[in-house]
Amino acid sequence: MPELSVLVFASLAVFLGALVQGSLGVGLALVSAPVVQIAAPSLMPGSLLLVAAVLAALGAVREISHTDWYGVSWAMAGRIVGTVAASYVILVVSVSTLDLLSAGITLGVVSLLAFDPARLPRNRGTLIASGAVAGLTGTTSSIGGPFIALVYHREPGPTVRGTLSVFYTAGTLLSLGSLTVVGRLPGNQLAFGAMLLPAVVAGFALSGPVRRRVDGGGRMRGAVLVLAVVAALVLLVRGLAAI
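Small disclaimer: the values here were computed from a predicted structure and weren't measured.

Each value, and the rule that gives it
- Residues numbered from 1 in each chain as written.
- Predicted model: local features only at pLDDT ≥ 70, side-chain atom pairs only at ≥ 80, totals over all residues.
- Heavy atoms only, no water.
- Helix = DSSP H or I, 4+ residues; strand = E, 2+ residues; numbered from the N terminus.
- Buried < 20%, exposed > 50% of the residue type's maximum accessible area, 1.4 Å probe, protein only.
- Contact = heavy atoms within 4.5 Å.
- Areas by Shrake-Rupley, 256 points an atom, 1.4 Å probe, with all protein chains shown as cover.
- UniProt positions renumbered as here; feature names shortened; annotations may be inferred.
- Core = buried A, V, L, I, M, F, W, Y, C linked by side-chain atoms within 4.5 Å.
- Expected span 1.5 Å × (residues − 1).
- Axes fitted to C-alpha atoms, helices over the stretch in contact; angles between N-to-C directions.
- Left-handed = near helix turned anticlockwise from the far one by under 90°.
- Nonpolar A, V, L, I, M, F, W, Y, C, P; charged D, E, K, R; others polar.
- Salt bridge = Lys/Arg side-chain N within 4 Å of Asp/Glu carboxyl O.
- Arc of directions from axis to C-beta.
- pLDDT = per-residue confidence, 0-100.

Considerations on the overall build of the protein chain
Part 1 of the argument: If you tally the helices and strands in the protein chain, you get twelve helices and zero strands.
Part 2 of the argument: The secondary structure elements of the protein chain, listed N-terminal to C-terminal, are α-α-α-α-α-α-α-α-α-α-α-α.
Part 3 of the argument: Looking at the protein chain as a whole, 51% of its 243 residues qualify as buried.
Part 4 of the argument: Once local pairs closer than 6 in sequence are excluded, the contacts in the protein chain between residues at least 24 apart make up 85%.
Part 5 of the argument: For the protein chain, the accessible surface area stands at approximately 10100 Å², while carbon and sulfur atoms represent 73% of it.

Right under this line is the structure:
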């Protein structure tokens, strides 16, 4: 098991990530994945996928009444395809290559949306495509949230959080099952993830006041776009550093 210092830093990162995701519907992996990857790379991605599944379930329970079930169904269809592909891709393609590809796609989409928000409509095609990319990158690196979040960037906060929470709950469980099937989910990753759960619950519990501020004044769209850019930069730096 990791040293106490690793657990403390990882717990702090997960706490902050849970606070952000509880407020915006996305952000856990963005905040915590780089820290865990650096501190304990052998414990990724399984530990963070377990944490993400629990946090998403908490969010789904809180705002499930606002869920866009039509969107979830098509996005999950894409997620299944992306997760199955990831089970193969993770064996033949380096994670750094996937990080760079994901960063490029995200920055391209954000650039379009910054100048013309209508350029990314929420329809069957975009839902399937974003779900597939989320399944691929979420399984290989645990960072898959920004893609599906961008499709919902114009929606009210409760709709974004409720929909993404349901999508992430099903998606992360699917990714964990996929990694188990291909023998890439050792028990120590799950054990470490379980040790991080108190930090998840604490961050989620404190996200209420922040959530209400984000919902006011139309701040949700800007917050989602900013998080997507930061996620792309994290993936870009991580990908370049691994080359």
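So, next bit.
Brief notes about the UniProt feature "transmembrane region" (unreviewed entry) in the protein chain
Part 1 of the argument: Residues given the UniProt feature "transmembrane region" (unreviewed entry) here are residues 38-60, 97-115, 127-152, 164-183, 190-210 and 222-241.
Part 2 of the argument: With 74% helix and 0% strand, the stretch residues 38-60 has end C-alpha atoms that lie 30 Å from each other.
Part 3 of the argument: Across residues 190-210 one finds 90% helix and 0% strand; the C-alpha atoms that close the span lie 30 Å apart.

Some thoughts on the nonpolar core
Part 1 of the argument: Within the largest apolar cluster, 29 residues are counted, with the highest numbers of intra-cluster contacts made by Val26, Ile148, Leu150, Tyr152, Leu164, Phe167 and Tyr168.
Part 2 of the argument: Counting residues per element, the ones that place at least two in this core are α3 (46-63), α4 (69-92), α6 (124-141), α7 (145-151), α8 (157-181) and α12 (219-242).
Part 3 of the argument: If one sorts the elements of this core by residue count, α12 sits on top with six residues.
Part 4 of the argument: Apart from the residues lying within four places of it in its own chain, the contact partners of Ile148 are Ala75, Leu127, Ser130, Leu164, Phe167 and Tyr168.

Side note on α8
Part 1 of the argument: Compared with an ideal rise of 1.5 Å per residue, which puts 25 residues at 36 Å, α8 spans 36 Å between its outermost C-alpha atoms and is within 8% of the ideal.
Part 2 of the argument: Count one or two residues on from α8 and you reach Gly183, which has phi positive near 70°.

Points about the packing of helix α1 (residues 4-24) against α3
For any two helices packed against each other, the geometry comes down to the angle between their axes and how far apart the axes lie.
Part 1 of the argument: In contact at an axis separation of 11 Å, α1 and α3 are set at 35° when each is read in the N-to-C sense. α1 and α3 meet at a crossing whose hand is right-handed. Of the residues in α3, those touching α1 at Val14, Ala18, Gln21 and Gly22 are Leu48, Val51, Leu55 and Arg62.
Part 2 of the argument: Partitioning the contact of α1 with α3 into residue classes produces five nonpolar, two polar and one charged.

What to know about the pattern of salt bridges
Part 1 of the argument: Tallied over the entire structure, the rule returns four salt bridges.
Part 2 of the argument: Here Glu63 ties to Arg161 by a salt bridge, and the two come within 2.6 Å at their closest N and O atoms. With Glu63 in helix α3 and Arg161 in helix α8, the pair connects residues that are 98 residues apart, well separated along the chain.
Part 3 of the argument: Classification of Glu63 by relative accessible area gives buried; the value is 4%.
Part 4 of the argument: Note that Arg211 and Glu63 form a salt bridge whose closest N and O atoms lie 3.7 Å from each other. Here Arg211 is found in helix α11 (residues 207-215), whereas its partner Glu63 is found in helix α3, with 148 residues between them in sequence.
Part 5 of the argument: The network of salt bridges with shared partners includes Glu63, Arg161 and Arg211.

As for helix α9 (residues 187-195)
Part 1 of the argument: Among the residues of α9, Gln189, Phe192 and Gly193 are the ones counted as buried. Projected down its long axis, α9 shows its buried positions confined to an angular sector of 105°, all on one face.
Part 2 of the argument: Elements in contact with the buried residues of α9: α1, α2 (28-39), α3 and α10 (197-205).

Focus on the confidence of the model for the protein chain
Part 1 of the argument: Across the protein chain, pLDDT averages 83, with 89% of residues at or above 70.
Part 2 of the argument: Taking the mean pLDDT of every element in the protein chain, the minimum, 70, falls on helix α5 (residues 95-115) and the maximum, 95, on α10.

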